Amino acid sequence: QVHLVESGGDLVRTGGSLRLSCAASGRIGIPDLMGWYRQAPGKERELVATVTTVGRTDYGESVKGRFTASRDRKKTSIYLQMNDLKPEDTAVYFCYAATPWGPAWGQGTQVTVSS
């Protein structure tokens, strides 16, 4: 069983910054791809960022230039540095990891941006 544990969600003000962390454990090895997705009430889950083991990144259009995703040296954790936060960034942020048995998801961490 693969477990993804997120942390770092909080209430912040417009223009503020926040850093999310996700640690993978269990029978996961080193995931080729880890990422962050988010879901706001009444909206579909959307891509925030993904990072491969070689450091290649992909970002959702709405966060490009503001968010930065990265992997740690052992490649079992992923981070999301969020800058210049906007109210539309308010959502539950989910950690994702690709596994040989299918996608693994964290429980989510709430990010709320007030204006």
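Bear in mind that the values here come from a model prediction, so they are computed numbers and not experimental data. (Residues numbered from 1 in each chain as written. Predicted model: local features only at pLDDT ≥ 70, side-chain atom pairs only at ≥ 80, totals over all residues. Heavy atoms only, no water.)

(A) Examining the nonpolar core more closely. Residues Leu-4, Trp-36, Leu-80, Met-82 and Tyr-93 are the most contacted members of the largest nonpolar core, which totals 29 residues. Every residue in contact with Leu-80, bar those within four places of it in the chain, is listed here: Leu-18, Arg-19, Leu-20, Trp-36, Val-48, Ala-49, Phe-67, Thr-68, Ala-69 and Tyr-93. (Core = buried A, V, L, I, M, F, W, Y, C linked by side-chain atoms within 4.5 Å. Buried < 20%, exposed > 50% of the residue type's maximum accessible area, 1.4 Å probe, protein only. Contact = heavy atoms within 4.5 Å.)

(B) Examining the pattern of salt bridges more closely. This model, assessed by the stated rule, comprises 5 salt bridges. With a closest N to O distance of 2.6 Å, Glu-61 and Lys-64 form a salt bridge. Connected through shared salt-bridge partners, Arg-38, Glu-46, Arg-66 and Asp-89 make up one network. (Salt bridge = Lys/Arg side-chain N within 4 Å of Asp/Glu carboxyl O.)

(C) A look at the sheet that holds strand E3 (residues 18-26). An order of E1-E3-E8-E7 is seen for the 4 strands of this open sheet, with the pairing classed as antiparallel. Among the strands making up the open sheet, the edge pair consists of strand E1 (2-7) and strand E7 (67-71). Strand-to-strand twist across the sheet, computed as the mean angle between neighbouring axes with direction ignored, equals 15°. Looking at chain direction, E1 and E3 are connected through 6 bridges and run antiparallel. Residue pairing for E3: Ser-7 is matched across the bridge by Ser-21. (Pairing = 2+ DSSP bridges. Helix = DSSP H or I, 4+ residues; strand = E, 2+ residues; numbered from the N terminus. Axes fitted to C-alpha atoms, helices over the stretch in contact; angles between N-to-C directions.)

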